[in-house]
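Overview (structure and organization)
Listed below, chain by chain, are the residues.
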Amino acid sequence: MAYNRRALQERRRQSNEPRKLRRLEQMQSSKAMAGLIGYGIQGSSSPQIHEAEAAAQGFDLVYRIIDFAQPERDLSFLPALLQSAESIGFAGLNVTHPYKEDAYKQVDTLSKEAEEIGSINTIVFRDGKRQGDNTDWSGFSENLRSTLPDADLSAVALVGTGGAGLAVAYGLLKLGTQDLRLFDTDQVRASKLQQHLAKNFPDRKIAVSQSPAEALDGVNGVVNATPVGMEGHDGMPVEKKLLQPTMWVADIVWFPLETQLLKTARELGCKVCGGGGMAVRQAALSFKQFFQTEPDVDRMLKRFVDATKKA
């Protein structure tokens, strides 16, 4: 790996003065603790979902929102935050935009998938180690297969190649996509993703398209991995005329549950897959790793839908 994880462990060990640890241990709650790191995430329904599932499982959980926007903090705060969370007994942390790639550098071990993807959304604190994983790709894959079990995945267009797009692309290729078309308004970013994916999937056709029209030409399905369609980012990532009734259409945006893209695609006769299921399934996979207990995905999904409707 490019990052010296052994050196990271040694720096952490040296910084953990016994007196500080004793003081932090006194602060530990009798409840289980976990949280979400991100920027501008006050509207997240993660606390309700995780805490409700913990209660149903028979234990108390405090799930904290750690928003770098309130109060304003920069990236340099991340190592200290992880140190503190680990020291006071957090079971783990979820990580969202824009810190997934930076958190990747702050763990001791990585799952095979996280190492191949190059970013993490889950950190588990266990046995004095930080274990990094990416449950976004598997959450997306499970949601797509559950919602559209018969979808033809052979040729797919992916719109948006940022952190979320990376995980979605990985999930599609793991599911068997042979022809993956990448489009992003940032062509440099799309090209970097293409090169990254080609290393792990050398037998697949992975190409950068110059326009949405080129990306969607002749594909079986299309996935939106951009923020377009979420609250505050109205609109569609592709024009209506590019959608065909024979296509399936998926969106990773979950607020609102039905984006303009999904609504339009459904009206055209396309089979659709919303982002809510991905959000819940990746959360359920993290919950399982944090607390080593099997969550009820259907129960978590119901709680998620209820929380989203109330928001």
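Cut-offs and rules
- Residues numbered from 1 in each chain as written.
- Predicted model: local features only at pLDDT ≥ 70, side-chain atom pairs only at ≥ 80, totals over all residues.
- Heavy atoms only, no water.
- UniProt positions renumbered as here; feature names shortened; annotations may be inferred.
- Phe/Tyr/Trp six-rings, centres within 6.5 Å; stacked < 30°, edge-to-face > 60°.
- Helix = DSSP H or I, 4+ residues; strand = E, 2+ residues; numbered from the N terminus.
- Buried < 20%, exposed > 50% of the residue type's maximum accessible area, 1.4 Å probe, protein only.
- Expected span 1.5 Å × (residues − 1).
- Contact = heavy atoms within 4.5 Å.
- Pairing = 2+ DSSP bridges.
- Axes fitted to C-alpha atoms, helices over the stretch in contact; angles between N-to-C directions.

Labelled according to an unreviewed UniProt entry, the protein appears under the name Shikimate dehydrogenase, originating from Granulicella cerasi. Taken from UniProt, the Pathway (unreviewed entry) comment for the protein reads in full: "Metabolic intermediate biosynthesis; chorismate biosynthesis; chorismate from D-erythrose 4-phosphate and phosphoenolpyruvate: step 4/7."

In total, this model carries ten aromatic pairs according to the counting rule given. When the centroid spacing of 5.2 Å and the interplanar angle of 55° are considered together, the rings of F59 and F291 count as tilted. A residue pair is termed long-range when its members are at least 10 positions apart, and F59 in the loop between helix 3 (46-57) and strand 2 (61-67) and F291 in helix 12 (residues 276-291) qualify at 232 residues. Ring geometry for F290 versus F291: centroids 5.9 Å apart, planes at 80°, classification edge-to-face. With a relative accessible area of 4%, F290 lands in the buried category. Judged by its relative accessible area of 16%, F291 falls in the buried class. Following the ring pairs from residue to residue traces out a cluster consisting of F59, F287, F290 and F291.

Because an α-helix packs 3.6 residues into every turn, residues spaced three or four apart end up facing the same way. Here helix 7 (residues 136-147) contains twelve residues, and its C-alpha end-to-end distance of 16 Å stays within 8% of the 16 Å for a straight helix at 1.5 Å per residue. Buried within helix 7 are the following residues: D136, W137, S138, G139, F140, S141, N143 and L144.

Another aspect to go through is the environment of I252. Its location among the elements puts I252 in the loop between strand 11 (248-251) and helix 11 (260-268). Remark: the alpha-carbon pair of I252 and L36, spanning 216 residues in sequence, is separated by 18 Å. Contacts of I252, omitting those with residues within four sequence positions, involve F140, A164, V168, V223, N224, A225, G275 and M278.

According to UniProt, the feature "domain: Shikimate dehydrogenase substrate binding N-terminal" (unreviewed entry) maps to residues 36-123 in the numbering used here. Along residues 36-123 the backbone is 38% helical and 20% strand, and the end-to-end C-alpha distance reaches 10 Å.

Here we come to the sheet that holds strand 2. Spatially, six strands are ordered 2-1-3-5-6-4 in an open sheet, and the strand pairing comes out mixed. For this open sheet the edge positions go to strand 2 and strand 4 (109-110), each flanked by a neighbour on one side alone. Pairing geometry for strand 5 (residues 122-126) and strand 6 (residues 129-133), over five bridges, is antiparallel. Looking at the pairing, R126 lines up with K129 of strand 6. Each of strand 1 (32-38), strand 2 and strand 3 (92-95) touches helix 3; the most contacted strand, strand 2, lies at about 165° to it.

So, about the sheet that holds strand 10 (residues 221-224). Read from one edge to the other, the open sheet built from six strands follows the order 9-8-7-10-11-12, with strand pairing classed as parallel. In this open sheet, the two strands that pair with only one neighbour each are strand 9 (205-208) and strand 12 (271-273). The average angle at which neighbouring strand axes cross in this sheet is 15°, direction not considered. Here strand 7 (residues 155-159) runs beside strand 10; their pairing, made up of four bridges, is parallel. Note on strand 10: the bridge partner recorded for V156 is G221. Helix 11 rests against strand 10, strand 11 and strand 12 of the sheet, and its axis sits at about 165° to strand 11.

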